[in-house]
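Chain by chain, the residues:
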Amino acid sequence: MNKIHFLEQNWFWPVLIAALLIWLVFLWKELKIPNNKKRILNGAIAFIGITALVLMILQPVIRKRSDSGYAVLLTEAYSKNQLDSLNKTIKGIKKVKYIHNMPLQELEAFEKLIILGNGIPTYEINRFKKFNVQYLRNNFPEGIHRLHYNARAEIGSILKVEGLYEGTSPGHWLTLLDPGGSPVDSVKLPDISTATFTLRTPLKTLGNYSYAISEKDSLGKILKTDPIPVTISEKILPRILIINAYPSFETKYLKNYLADRSCEVLVKTRVSKDKYKTEAFNSGGSIAGKSIAKLLEDTDLLIIDLASLKDWSSTMTQTLKNQILNKGLGIIIQADDDLCGSRDDWFCFSANNDGKETIVPDQYPETAIQKYPVSIRSENGIFPVLTSGNSIVAAYRKKGLGRVGITTIRDSYELILKGNENSYQQFWSTFLESVSKRKDINTQWDSDAISYQDEPFTFTVSTSIENPVILLDSVVRIPILYDHTGTGITYPETPGWHDLQVQQDSSSVYNFYTYREENWKTMKTYEQIKRNQAQFNSNSNSVNQVYYSQPWTPIWFFLVFLFCMGYLWLQPKLLNS
């Protein structure tokens, strides 16, 4: 819809008031004319002339819909019906086919870019942020949309694969296959549009293995098979110190779980000022009389509530910082609705007040968990451990050689009471493993990316080695930007297992698996569509039109003003003559 506005909008009311006063003065002057018709005619002509003058000063422009300056970017699986509809709606729209790593100079000439299909790959989205983009998304494909399992597990543990299947597939079966291709567990999908599933198998052998999930139809025909890579390592039991300002059921259940795992656990619960009740589990040495500072030296992980942390002296807090920075100590803060773990901001995490007190984690879609009405803000350096949609419920950040984690879960032990003991164990197992002191604190690796063939795989490495040289598969040298923590990108050319290592420290190896382009196609497409929709803020399938401002030619206002003033000047002279 065309809409008039003014370039000099700020002068609108002063100019309008001044014009009205001038016109009223003119009408007062015209009262001397005895002929009533002449007065009305002169008043009308004066009004038209003054209006033309006002428009010359305010400079009106009209907003018009642009049918030029549009381009449509055609990505994988775009809809021809959508494209035909755009061709009918917007005349002369330019069609551009998306190509991996395409140059963008051609697109800079257009006012608006419309994307059709599955969207831009997630690793390319940042390149398109500078454009005025609208994404008309595809429908989500049917299949597995979410998958969660522990890709780095301990020998003797259970591989538990949980997921979410979207789409009606009556009679379909999902089967978990071992590395040799033999079925070890299976589940039949219910005849509903959204179904969760769980598959399990024990892990018995050390090494890097590729399990798989196979989907079959009701006749037993294999529709697709996708790999489940798992690194199985020796069982390492961390030494854990738990400090609480008061007794709680959360700590009671947590210490029992850790003790059952054969972890060395020490619990110190304050019963009065400067007095603690001490409990020890699986402890081989004497702890009597040891100060907290001394206990921290022999600890891999500290679990502490906010009340205790805030109550520590500045000396004790500095001791804790030194253990984290220089010795690799891990710490998990049991937060409340504050997320600020100390009187200074060293332990603080930025919070979003989301108001949600119950969430369903993405990792455990069958489970509801109680939490405080805040979530952890997604920022650079934040590594999520537990999420629910856009909310981060548990996460950690690196501090020197150590890690600081935090969780906003209120009472995780309620999972056990509700019969969800597996989810409870898997959450705490993953969180503890993510934050605990690393086995080799000289070199630490991290990546939350998924590696696909010929696509960028981003990783970080922290090492005490000066000028580290990073190698892929012991051969390819990878350049990194390094300042205590280095970030690197590699493009694996072959699918399967790969490893990263520091040339000067071959004992520290990071294994990762590279998928083929066709692996987990449904899940990859689902995430890609979601990322495009979130990035380009499109909530509908209608096109938002582009408008441009076209100024009115001021010469017409000047001619009208000149005619009106000329008439008012000549008219009395002609009458007198």
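So, here is what we can say about the structure in this document. (Residues numbered from 1 in each chain as written. Predicted model: local features only at pLDDT ≥ 70, side-chain atom pairs only at ≥ 80, totals over all residues. Heavy atoms only, no water.)

### Some words on helix α4 (residues 249–260)
Item 1. Between its terminal C-alpha atoms α4 stretches 17 Å, which fits the 16 Å expected from 12 residues at 1.5 Å a residue.
Item 2. Residues E250, T251, L254, K255, Y257, L258 and A259 constitute the buried set of α4.
Item 3. Where α4 is buried, its residues touch β15 (239–244), β16 (264–272), β17 (275–281), β18 (301–305), β19 (330–334) and α9 (421–435).
Item 4. Just downstream of α4, S262 is the residue with a positive phi angle, here 70°. (Helix = DSSP H or I, 4+ residues; strand = E, 2+ residues; numbered from the N terminus. Expected span 1.5 Å × (residues − 1). Buried < 20%, exposed > 50% of the residue type's maximum accessible area, 1.4 Å probe, protein only. Contact = heavy atoms within 4.5 Å.)

### Brief notes about the nonpolar core
Item 1. Ranked by internal contacts, the top residues of the largest apolar core, which has 28 residues, are L258 and W428.
Item 2. Among the elements that take part in this core, α9 stands out by supplying 6 residues, more than any other.
Item 3. Residues within four places of W428 in sequence aside, it is in contact with E250, L254, Y257, I332 and S412.
Item 4. Listed in part, the 27 residues of the second largest apolar core include L241, W312, A395 and I406. (Core = buried A, V, L, I, M, F, W, Y, C linked by side-chain atoms within 4.5 Å.)

### Some words on the packing of aromatic side chains
To describe a pair of aromatic rings, one takes the distance between the centres and the angle between the planes.
Item 1. Inspection of the entire model under this criterion finds 20 aromatic pairs.
Item 2. Here the aromatic rings of W23 and F47 are separated by 5.3 Å at their centres, their planes lie at 65°, and the arrangement is edge-to-face. Taken as a pair, W23 in helix α1 (residues 12–30) and F47 in helix α2 (residues 36–58) lie far apart in primary sequence, 24 residues in all.
Item 3. Taking the relative accessible area as the measure of exposure, W23 reaches 23% and is therefore partly exposed.
Item 4. Take F47: its relative accessible area is 46%, and that puts it in the partly exposed class.
Item 5. Between W445 and F459, the aromatic rings sit 6.1 Å apart at their centres with planes inclined by 50°, giving tilted as the arrangement. (Phe/Tyr/Trp six-rings, centres within 6.5 Å; stacked < 30°, edge-to-face > 60°.)

### Some thoughts on the pattern of salt bridges
Item 1. For the coordinates displayed, the defined rule picks out 15 salt bridges.
Item 2. Here K371 and D354 are joined by a salt bridge, their closest N and O atoms 3.1 Å apart. With K371 in the loop between β22 (369–370) and β23 (375–376) and D354 in the loop between β20 (351–352) and β21 (358–359), the pair connects residues that are 17 residues apart, well separated along the chain.
Item 3. You can call K371 buried: its relative accessible area is 0%.
Item 4. With relative accessibility at 25%, the residue D354 sits in the partly exposed group.
Item 5. Three or more residues joined by partner-sharing salt bridges are found here, namely K398, R403 and D446. (Salt bridge = Lys/Arg side-chain N within 4 Å of Asp/Glu carboxyl O.)

### Description of the environment of E527
Item 1. Take E527: it is sitting in helix α10 (residues 521–535).
Item 2. Linking E527 and I155, residues 372 residues apart in sequence, is a C-alpha distance of 31 Å.

### Quick word on the sheet that holds strand β7 (residues 143–148)
Item 1. Ordered in space as β7-β9-β12, the 3 strands form an open sheet in which the pairing is antiparallel. Every other strand in the sheet has two partners, leaving β7 and β12 (194–202) as the edge strands with one partner each. Each neighbouring strand pair of the sheet contributes to a mean axis angle of 25°, computed without reference to strand direction.
Item 2. In this sheet, strand β9 (residues 158–166) lies alongside β7 in antiparallel orientation, the contact comprising 5 bridges. In the sheet register, H148 faces β9, and the bridge partner there is E162. (Pairing = 2+ DSSP bridges. Axes fitted to C-alpha atoms, helices over the stretch in contact; angles between N-to-C directions.)

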